[in-house]
Amino acid sequence: WPALTESGAWRDLAAGPTSQGLRRDVLPQLQQAVDALANLQVSSGGMLDIARDLVGNEIVVAGYFEDRTKQPPQPLQQPNWCVYARVGWRLRAAHGLMGWSMVRDRAKAQGVEIVDDGELMVVRSPQLRTPIYVGCNLDCLMVGNDKGLLQQSLRLARDGAGRPLP
């Protein structure tokens, strides 16, 4: 790794427009996702441990960071992102418990609002700039800031390209 990161090619890549754009557009969004997960860990009263229950499993971050309807493409003011994570029983159980009124009341007492929006749950908190949408299909937990992206993701996870599987 040190040989790669100390190479001229790596320095050129890091100074290039792609890396600069990722730092500008993606890192703040990843920080928002990390903050949401940290809030979830604190709100769980210790039942969830992000290092134990999430880190080390399969995690994918995807989203839209440019408006491609304009030429040349322009950065979105608020990039749309989604974190997809393969999770174990603890996080699947926590997702299920988020639907219970007792859990929602306790979260609300701590300043976190959890409401249903169709097949998604919406989490709002003063610490979050935008609402966070949460969905789950089997062992894939999806957390993001764009309702449409999560709805599309759930639809694809359930039935492929939007049509029922044989």
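Residues numbered from 1 in each chain as written. Predicted model: local features only at pLDDT ≥ 70, side-chain atom pairs only at ≥ 80, totals over all residues. Heavy atoms only, no water.

Q: Outline unusual backbone geometry, supporting the account with residue identities and numerical values.
A: Both trends apply: most residues other than glycine have a negative phi, and most peptide bonds are in trans. Cis rather than trans, the peptide bond between Q71 and P72 has omega equal to -5°. Summarising the element assignment, P72 is placed in the loop between β1 (59-67) and β2 (74-86). With a phi angle near 55°, L138 is a residue other than glycine that sits in the positive phi range. Its location among the elements puts L138 in the loop between β5 (132-137) and β6 (140-144). (Helix = DSSP H or I, 4+ residues; strand = E, 2+ residues; numbered from the N terminus.)

Q: Can you tell me about the sheet that holds β6, naming the residues and giving the values?
A: Spatially, six strands are ordered β1-β2-β6-β5-β4-β3 in an open sheet, and the strand pairing comes out antiparallel. The sheet is open, and its two borders are formed by β1 and β3 (113-117), each paired with just one other strand. Pairwise comparison of adjacent strand axes, ignoring direction, gives a mean angle of 20° for this sheet. Pairing analysis gives five bridges linking β3 to strand β4 (residues 120-124), with the strands arranged antiparallel. Bridge pairing in β4 places V115 opposite V122. Packed onto the sheet, helix α7 (residues 101-109) meets β3 and β4 and runs at close to 135° relative to β3. Contacting β1, β2, β3, β4, β5 and β6, helix α8 (residues 147-159) crosses the sheet at an angle of about 5° to β5. (Pairing = 2+ DSSP bridges. Axes fitted to C-alpha atoms, helices over the stretch in contact; angles between N-to-C directions. Contact = heavy atoms within 4.5 Å.)

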